[in-house]
Amino acid sequence: MKNFNKTLIAVSVALASTQTMAAGFQLNSQSATGIGRAFAGDAVIADNASVLSRNPAAMALFDQKQLSMGLTYADVQVEVSDVFVNSNIGELHYGSVDDAAEAKVIPNFYYVSPVNDKFAYGVAMFSNFGTGTDTSALSQPKSILNGAAEIPAPVDLLGKTEVTTINFNLSASYRINDHFSVGAGLDVIYGSGTLTRSGELPLGQDSSFVPVDLVDVDAEGIAFGGIVGAVYEINANHRLGVSYRFSPEFTADGTVNFGGTEFEEINIPIPDIFQVAGFHQLTDTFALHYTAQMTTWGDFHEITVTDPAEAQLKKYAWDDSWLFSVGGTYTLTDKWTLRAGYMFDQGVVGEVSSISIPDSDRQWYTMGATYNLSKNTSLDFGIAFVRGEETQLTEHSSVLDLVSQQMPILGSDLGTVHATTTSNATYYSIQYNYKF
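(A) Inspection of a negative patch on the surface at higher detail. There is a patch of like negative charges on the surface, built from Asp-218, Glu-220, Asp-253, Glu-262, Glu-264, Glu-265 and Asp-307. Looking at the negative patch, the elements with two or more residues in it are strand 10 (210–235) and strand 13 (261–269). Per-element accounting of the negative patch gives the leading share, 3 residues, to strand 13. Note on placement: Asp-253 falls in strand 12 (residues 249–258). Relative accessible area serves as the criterion here: at 42%, Asp-253 is assigned to the partly exposed category.

What follows is the structure, given as structure tokens:
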């Protein structure tokens, strides 16, 4: 492997990102009420101030000031198993990671204030995107030929990823008439990320294995987006809502080291979100609600770094994705309101699969409740069981391609990495609401 270090700079590194239990690296965790009903109808129900995360026009439905704030604990389980490659000497197995994901605590805050019977404004803090996984345990070299030699792991595909975004929102709504209201808002998005792709490669004397950092990113930045929405009230018991969130291309700066070169910035396109929702109070105690949401993950086509030059870190072939949810709310007593929901969440990965993004279609089974502490104060609880599919995938490793060129005895298919991934999660959420 004498020429290994000469061609390492040409490795195409799989940089971002990972499983967050929604399509791509999108989060569905903005409120306890939303989690309890699988976010069905959340863009139009407006039973508390958390509607700001979905549709600013729904503030027109409020007749008094409201505050909502809460926490969601996301217990995510991602298993990456049986990572192996085919070679002329048989299958070479690198092992499994039983728990590649990290649990997260996700806060939120919402405040809605009607000004008069026409105008209302609101402020909010929540998150739409984020992730956290670690597959670096699979990055150890593999012994072959009865211990006579070693080959590296596909370290360009493995590593740690931690991405956090916080959305600060200022919105306003206007009631045009008894049936139609509109709204718009500005998003200020703070994002930070730590991403590594490292392992042992044969770059030492006599091709001995030494630790190498292929990618080392620790960056943060601020971007601006926006949201527009509308609500149509058929009557007091039936209404429809629609919203469109415009997302920016996120640029972050800090430590951005790729292939031994220091770059100033990393650029990540964030998709737009379009949704339609309905709410129908069918009886005095039971309401039905639903949502259809499309996220433009087709816009997430590549991640680049810039300054001193522009380089492509990762090219994607993702598809736009839809989620569909339906839920019900039942008023049990003056103190207790119960809710439940189901969501089908479509995966985004098309023809190009990725070990670092074990994406699949997911089923959400959710339930929740509201307890009224007083006339103006309530607590919401929500729990969601998210179940993904077992996925067989393949991904191309440029590191192992270089190995196969240096050791032709191993065969030309060494760079094709196979793995099985399974993704599940349980969300626990609590929320405090107050009407002024």
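(B) Region of the structure containing the packing of aromatic side chains. Under the defined criterion, the tally for this structure stands at 11 aromatic pairs. Centroid distance Trp-336 to Tyr-371: 4.8 Å. Interplanar angle 45°. Geometry classified as tilted. Of this pair, Trp-336 sits in strand 19 (residues 336–345) while Tyr-371 sits in strand 20 (residues 362–372); the two residues are 35 residues apart in sequence, bridging distant segments of the chain. We classify Trp-336 as partly exposed; its relative accessible area is 33%. Classification of Tyr-371 as partly exposed rests on a relative accessible area of 26%. Between Tyr-434 and Phe-436, the aromatic rings sit 4.9 Å apart at their centres with planes inclined by 85°, giving edge-to-face as the arrangement. Take Phe-436: its relative accessible area is 49%, and that puts it in the partly exposed class.

(C) Spatial organisation of the pattern of salt bridges. A full pass over the atoms with the stated rule returns 4 salt bridges. Residue Arg-37 is joined to Asp-47 by a salt bridge in which the shortest nitrogen-to-oxygen separation is 2.8 Å. Taken together, the positions of Arg-37 in the loop between helix 2 (32–36) and strand 1 (66–85) and Asp-47 in the loop between helix 2 and strand 1 put the pair 10 residues apart, joining distant regions of the chain. Residue Asp-47 is classed as partly exposed on the basis of its relative accessible area of 32%. Across the pair Asp-187 and Arg-245 runs a salt bridge, and its minimum N-O distance is 2.8 Å. In this pair, Asp-187 sits in strand 9 (residues 180–201) while Arg-245 sits in strand 11 (residues 238–246), placing the two residues 58 residues apart along the sequence. Comparing Asp-187 with Arg-245 shows no difference in burial state: the two are buried. Via salt bridges that share partners, Arg-37, Asp-42 and Asp-47 belong to a single interconnected network.

Cut-off values and rules
- Residues numbered from 1 in each chain as written.
- Predicted model: local features only at pLDDT ≥ 70, side-chain atom pairs only at ≥ 80, totals over all residues.
- Heavy atoms only, no water.
- Patch = residues over 30% accessible without salt bridge, like charges linked within 9 Å, V, L, I, M, F, W, Y side chains within 5 Å.
- Areas by Shrake-Rupley, 256 points an atom, 1.4 Å probe, with all protein chains shown as cover.
- Salt bridge = Lys/Arg side-chain N within 4 Å of Asp/Glu carboxyl O.
- Lys, Arg positive; Asp, Glu negative; His and termini not counted.
- Charge placed at Lys NZ, Arg CZ, Asp CG, Glu CD.
- Helix = DSSP H or I, 4+ residues; strand = E, 2+ residues; numbered from the N terminus.
- Buried < 20%, exposed > 50% of the residue type's maximum accessible area, 1.4 Å probe, protein only.
- Phe/Tyr/Trp six-rings, centres within 6.5 Å; stacked < 30°, edge-to-face > 60°.

Shape descriptors only; they carry no functional weight alone.
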